[in-house]
Amino acid sequence: MAGSLVAPADAVQPLDEAPELIVNGDFSAGTAPWWSTANSPVTVLDGRLCADVPAGTANPWDAIIGQNGLSLTAGAAYTLSYTATATEPVTIRTNVQMATEPWTTELATARQIGTTAAQVTETFTAGADHGAAQLVFQVGGGAEAVTFCVDDVSLRGGSAPPPYEPDTGSPVRVNQVGYLTHGPKSGTVVTDATGPLRWTLESAAGARVADGTTTPVGTDPTSRQNVHTFDFTAVTTAGEGYTVTVAGDRSEPFAIGDDLYASLRTDALAYFYHNRSGIEIDADIVGERYARPAGHIGVSPNQGDGDVPCQPGVCDYRLDARGGWYDAGDHGKYVVNGGIAVAQLMSTYERTLYAPTADAGPLGDGRLRLPEHGNGTPDILDEARWQLEFLMRMQVPAGEPLAGMAHHKLHDKEWTGLPLRPDRDPQPRELHPPTTAATLNLAATAAQCARLFQVHDPDFAERCRSAARTAWTAAGNHPDIFADPQDGTGGGAYSDDDVRDEFYWAAAELFLTTGENTYRTELLRSPLHGDTDAVFPRGGMSWGSVAGLGALNLATVPGGLSADQLATVRAMVTEAADGYAADAAQAAYGLPYAPDGGHYVWGSNSQVANNMIVLGSAHDLTGRTVYRDAVLRGLDYLLGRNPLNRSYVTGYGERDARNQHHRFWANQLDPALPNPAPGSLAGGPNASIEDPVAQAKLKGCAPAMCYIDDIESWATNEITINWNAPLAWVASYVDDLGGGEPVPTRCEVTYTSQRWSNGFTTQVEVKNTGDRPLPSWRLDWTFADQQRVTDTWGADIRQSGPRVGAEALAWNATIAPGATVRFGFNGRPTGLVHDPRVFRLNGEACATAAPR
């Protein structure tokens, strides 16, 4: 049964102090967790939630504002109240109902709303129990367009809901995907026991494979759980469906094997194609469920990114800012977030040029899910180019004030609600002011672009080089133009008032690309140079802390640093890696992340992944397995060995995150839309719990427990390009490890080049360091620059683009154990010339010796 009352807004009577079910009913926290249909986007205006309802909708339910997740108890009384106005008189329907078919209602009323604010109060008694009902305002069915606004929404009644308890499943926590055959294998169990417990590893058939006893750890401060750890590294039998049982509790199943992460590499990189702006997402590439029309190309209702004005008072020109990647759950495109993301994609490829264990094949032309196949350029660089083109379009044109600077961001004038596909976004688009941080992001990424694209598209590489130089000069002329921290309407502010790290990163990339002493000088005089804690913060790199990006490339990419200067940079990398590895060794859940005060930050999972990049780079430099093992234990954490027993990567593990905050991967709000695509990394625990859903359910949470898999929890469950980029780097690194067993080299290459005025002469020695003859040998390598082989001797040498292969001749076809063959060539250089570092003999990596 139900009743209602309408009273003037100034005659509101206080309601009984029953439990409040509505979250953010005064909209002080923005629009979340409210949602609306795509045709009626909502924004907060003067403290009210307002929806622009289009003309010509046929039914009330054609335009809806709502909130989900309401818990009702059968027989309990409830009071709903709200204040509403409309620009034209409109009849609305207000329902409290099931959130899925058959949409059974507990309250269903019709009310005319006019231009004068009035409070509406409805009462009803719930006829059934509901764990997740919804309140909806159905505002469609009108011939004319109207703006409907609501405020002070309250639904009180029933009894207070029980405290939120996350479903953590089994207390036995493991990597739910699996462990490399010859890598570390460990897990964590939550238990009240203080003494060791027996654990058993069983195969999929139920056979006991191994057993042992747990190691009590005590109370884990990150989760406030009493835990033990267990280790089964000695097991090296490949298989699927393994489980670990401790004290009668069984873990989720997992695999042991050599080829577990190839799909994660591909899926994590496909994330970027999925989130491209300005291009149709092709069903033949991603499947029907994820296909969609191009967003923001000027097709109604979009206003497009091809001719974007500035915010009022910022500039009097317009930019073609098409392309790029949508940052996160919103439809914004941000230079600082896009900068670190595209840099890490480029570094994923650049690593294959200089790390002997890295394999460029899975990143090559025709290997990833994107449309640019058959152009001879590695697919991962094609994906990076989509973002790089956008970044350069954000540069202030010559002749304008602040010429050469980069606009900080581009996004909607007002916030849009969820769910909303980008092609249905009706909001005007605006350029926000240029900033020094954005300009240095452009300088750094464009410089890296210039050196990587020089062998694939020299003209594009030159565009990047020119943009990088121009941006560097502009930033030097305007070193303290910062983003306004209050500029957060319609998109994130991304404010940063310390750009010493951006200057360091940009100088590093420009020096590596040009070899010019101007940039070396800037590096060496930076207050960050040599300061490990400043370059690699304990909590990890991020969009606001990017010096580590420059240091990692200085340490691994050939350049003009002196031996002492290079040693300083590499020492920063290994010192930081030592700290992260120590953190992993001390953590009950094995993760290389120990932020100040144990305070898990927004996007903590990306911080974990960024620390794993430092560890993986240190392993590439030194070969020390302690760094490799810390990377693998970090991956264990992301994929289920964590306090919530949750894989934070969609599609990976039995208990994976599936409701991350995203505008168009929004199945939780609209069953017609998909969940996030496989390979999407959730932001993870955030002790600050800024959003209303997290605040309602997670108050008092332990740091590593401050997470909820809910689409409205943008503070804990968002997905972004700059979080998926480090995941892609890590997945590529781990997939390159194979089974994790160190592969003994059976060859050693000495590569010696002598430069002369118009070219160079190179001598190559290949030594068989194994115990078997090497017949019909072929040595392959890739130039990182535009070197061209001309005259050759001692081998049949052929070049295709940057790739070179040297095959044996009849007289030197076999290399006996301990023997050496020699061959050479002349060549023509263009610009800087870097000797290759990765050589493969008959497909196997060789050790490299110092040139003689």
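Residues numbered from 1 in each chain as written. Predicted model: local features only at pLDDT ≥ 70, side-chain atom pairs only at ≥ 80, totals over all residues. Heavy atoms only, no water.

(A) How the structure looks around helix α13 (residues 625-638). Taking 1.5 Å per residue as the helical rise, α13 with its 14 residues ought to reach 20 Å, and the 20 Å between its terminal C-alpha atoms agrees with that figure. Counting buried positions along α13 gives eleven out of 14 residues, so the element sits mostly inside the fold. Along α13, the positions that sit buried rather than exposed are Y627, R628, D629, A630, V631, L632, G634, L635, D636, Y637 and L638. Contact partners of the buried residues in α13: β13 (178-180), β14 (186-190), α11 (563-586), α12 (604-622) and α16 (721-736). Remark: G640 follows α13 within two positions and exhibits a positive phi of approximately 135°. (Helix = DSSP H or I, 4+ residues; strand = E, 2+ residues; numbered from the N terminus. Expected span 1.5 Å × (residues − 1). Buried < 20%, exposed > 50% of the residue type's maximum accessible area, 1.4 Å probe, protein only. Contact = heavy atoms within 4.5 Å.)

(B) The sheet that holds strand β32 (residues 778-782), seen in detail. A sheet is described by the order of its strands in space; here five strands give the open sequence β34-β35-β32-β38-β39, paired in antiparallel fashion. Looking along the sheet, the strands with just one partner apiece sit at the ends: β34 (796-800) and β39 (844-845). Relative to strand β35 (residues 803-807), β32 runs antiparallel, the two sharing five bridges. In the sheet register, L779 faces β35, and the bridge partner there is A806. (Pairing = 2+ DSSP bridges.)

(C) Broad picture of the pattern of salt bridges. Scanning all chains against the criterion turns up 39 salt bridges. Ionic pairing is found between D620 and R351, a salt bridge with its closest N-O pair at 2.7 Å. With D620 in helix α12 and R351 in helix α3 (residues 335-354), this pair connects stretches of sequence that are 269 residues apart. Judged by its relative accessible area of 23%, D620 falls in the partly exposed class. Where D583 meets R538, a salt bridge forms, and the shortest distance between an N and an O atom there is 2.5 Å. (Salt bridge = Lys/Arg side-chain N within 4 Å of Asp/Glu carboxyl O.)

(D) Representation of the sheet that holds strand β29 (residues 747-756) within the structure. Judged by pairing direction, the sheet is mixed, and its five strands sit side by side in the order β33-β37-β30-β29-β40 without closing on themselves. Edge strands, defined here as strands with exactly one partner in the open sheet, are β33 (788-793) and β40 (847-849). When strand polarity is set aside, the average angle formed by the axes of neighbouring strands in this sheet is 30°. Summarising the sheet, β29 and strand β30 (residues 759-768) pair through ten bridges and their orientation is antiparallel. Looking at the pairing, T750 lines up with E765 of β30. (Axes fitted to C-alpha atoms, helices over the stretch in contact; angles between N-to-C directions.)

(E) Here's a closer look at the environment of G827. Take G827: it is sitting in strand β37 (residues 820-828). On the basis of relative accessible area, G827 is assigned to the buried category, the value being 2%. Residues G827 and Q138, spaced 689 residues apart in sequence, show a C-alpha to C-alpha distance of 73 Å.

(F) Spatial organisation of the pairing of strand β17 (residues 215-220). Direction of pairing for β17 relative to strand β18 (residues 225-231): antiparallel, over a ladder of five bridges. Residue pairing for β18: G218 is matched across the bridge by V227. Adjacent in sequence and paired antiparallel, β17 and β18 are bridged by four residues, among which R224 carries a positive phi angle near 60°.

(G) Spatial organisation of the state of the cysteines. Counted according to the given criterion, the structure contains five disulfides. Each disulfide pairs two cysteine sulfurs, and for C449 the partner residue is C464, the sulfurs being separated by 2.1 Å. An S-S torsion of about 60° defines the bridge between C449 and C464 as right-handed. With C449 in helix α5 (residues 436-453) and C464 in helix α6 (residues 458-477), this residue pair connects regions lying 15 residues apart in the sequence. Per residue, the accessibility class of C449 equals that of C464, and both read buried. (Disulfide = S-S within 2.5 Å.)

(H) The environment of V821, seen in detail. By secondary structure assignment, the location of V821 is in strand β37. Residue V821 is classed as buried on the basis of its relative accessible area, which comes to 9%. Sequence separation between V821 and N768 is 53 residues, and the spatial gap between their C-alpha atoms is 8.8 Å. Not counting residues within four places of it along the chain, the set of residues in contact with V821 comprises V764, E765, V766, W777, N812 and I815.

(I) Spatial organisation of the nonpolar core. If you look at the biggest cluster of nonpolar residues, it comprises 152 residues, and the most contacted ones within it are Y261, F536, L554, V614 and V734. Of the residues forming this core, the biggest block, twelve residues, is contributed by α5. For V734, the residues in contact, after removing those within four places along its chain, are L180, Y261, V631, L632 and L635. (Core = buried A, V, L, I, M, F, W, Y, C linked by side-chain atoms within 4.5 Å.)

(J) Main features of the packing of aromatic side chains. According to the stated counting rule, one finds 36 aromatic pairs in the structure shown. Measuring from centroid to centroid gives 5.3 Å for Y179 and F254, while their planes differ by 80°, and the two rings are edge-to-face. Here F254 lies in strand β21 (residues 254-257) and Y179 lies in strand β13, a separation of 75 residues in the sequence. Taken individually, Y179 and F254 each receive the classification buried, so the pair is uniform in this respect. On the numbers, 5.7 Å between centres and 40° between planes, the contact of F232 with F254 is tilted. On the criterion of sequence distance, the pair formed by F232 in the loop between β18 and β19 (239-246) and F254 in strand β21 is long-range, its members being 22 residues apart. Overall, the relative accessible area of 2% leaves F232 in the buried class. On the accessibility criterion, F254 (2% relative accessible area) is buried. Between R292 and the ring centre of F664, over which it is positioned, the NZ or CZ distance is 4.7 Å. R385 extends its terminal NZ or CZ atom over the ring of F460, reaching a point 3.9 Å from the ring centre. (Phe/Tyr/Trp six-rings, centres within 6.5 Å; stacked < 30°, edge-to-face > 60°. Lys NZ or Arg CZ within 6 Å of the ring centre and 35° of its normal.)

(K) Layout of the side chain of Q454. Mapped onto the elements of the fold, Q454 is located in the loop between α5 and α6. Exposure remark for Q454: the relative accessible area of 11% places this residue in the buried category. Among the polar contacts listed, one links the side chain of Q454 to the backbone oxygen of R451, at a separation of 3.1 Å. Reaching out from Q454, the side chain makes a polar contact with the backbone oxygen of A784 at a distance of 3.3 Å. Beyond its immediate sequence surroundings of up to four residues, Q454 is in contact with A461, A784, D785, Q786 and T830. (Polar contact = N/O pair within 3.5 Å; in protein donor to acceptor, adjacent residues only side chain to side chain.)

(L) Main features of the side chain of Q97. For Q97, the position within the fold is in strand β7 (residues 90-98). A polar contact of 3.1 Å, which involves the side chain of Q97, links it to the side chain of N95. A distance of 2.8 Å separates the side chain of Q97 from the side chain of Q134, its partner in a polar contact. Contacts of Q97, omitting those with residues within four sequence positions, involve W103, T104, T105, E106, A133, Q134, V136 and Q138.

(M) Region of interest: the packing of helix α7 (residues 500-514) against helix α8 (residues 517-525). Between α7 and α8, the least distance of the axes is 8 Å, while the angle of their chain directions is 145°. By crossing handedness, the relation of α7 to α8 is classed as left-handed. Across the interface between the two elements, Y504, A507, A508, L510, F511 and T514 from α7 touch Y519, R520, E522 and L523 from α8. (Left-handed = near helix turned anticlockwise from the far one by under 90°.)

(N) Layout of the confidence of the model for the protein. The share of residues in the protein with pLDDT of 70 or more is 97%, and the mean pLDDT across the chain is 94. For residues 1-15, every residue scores under 50 in pLDDT, and the model assigns this stretch 31 contacts once sequence neighbours within four places are set aside. (pLDDT = per-residue confidence, 0-100.)

(O) Seen up close, the environment of P293. On the secondary structure map, P293 appears in the loop between α2 (283-286) and β22 (308-309). Counting along the chain gives 14 residues from P293 to I279, while the straight-line C-alpha distance between them is 7.3 Å. Those residues within four positions of P293 in sequence are excluded, and the remaining contacts are I279, E280, R421 and D423.

(P) The arrangement of the pairing of β35 in detail. Pairing of β34 with β35 involves five bridges; the strand directions are antiparallel. Within the sheet, the bridge partner assigned to D796 lies in β35 and is E807. Linking β34 back to β35 in an antiparallel pair, the connection comprises two residues, with G801 at a positive phi of about 65°.

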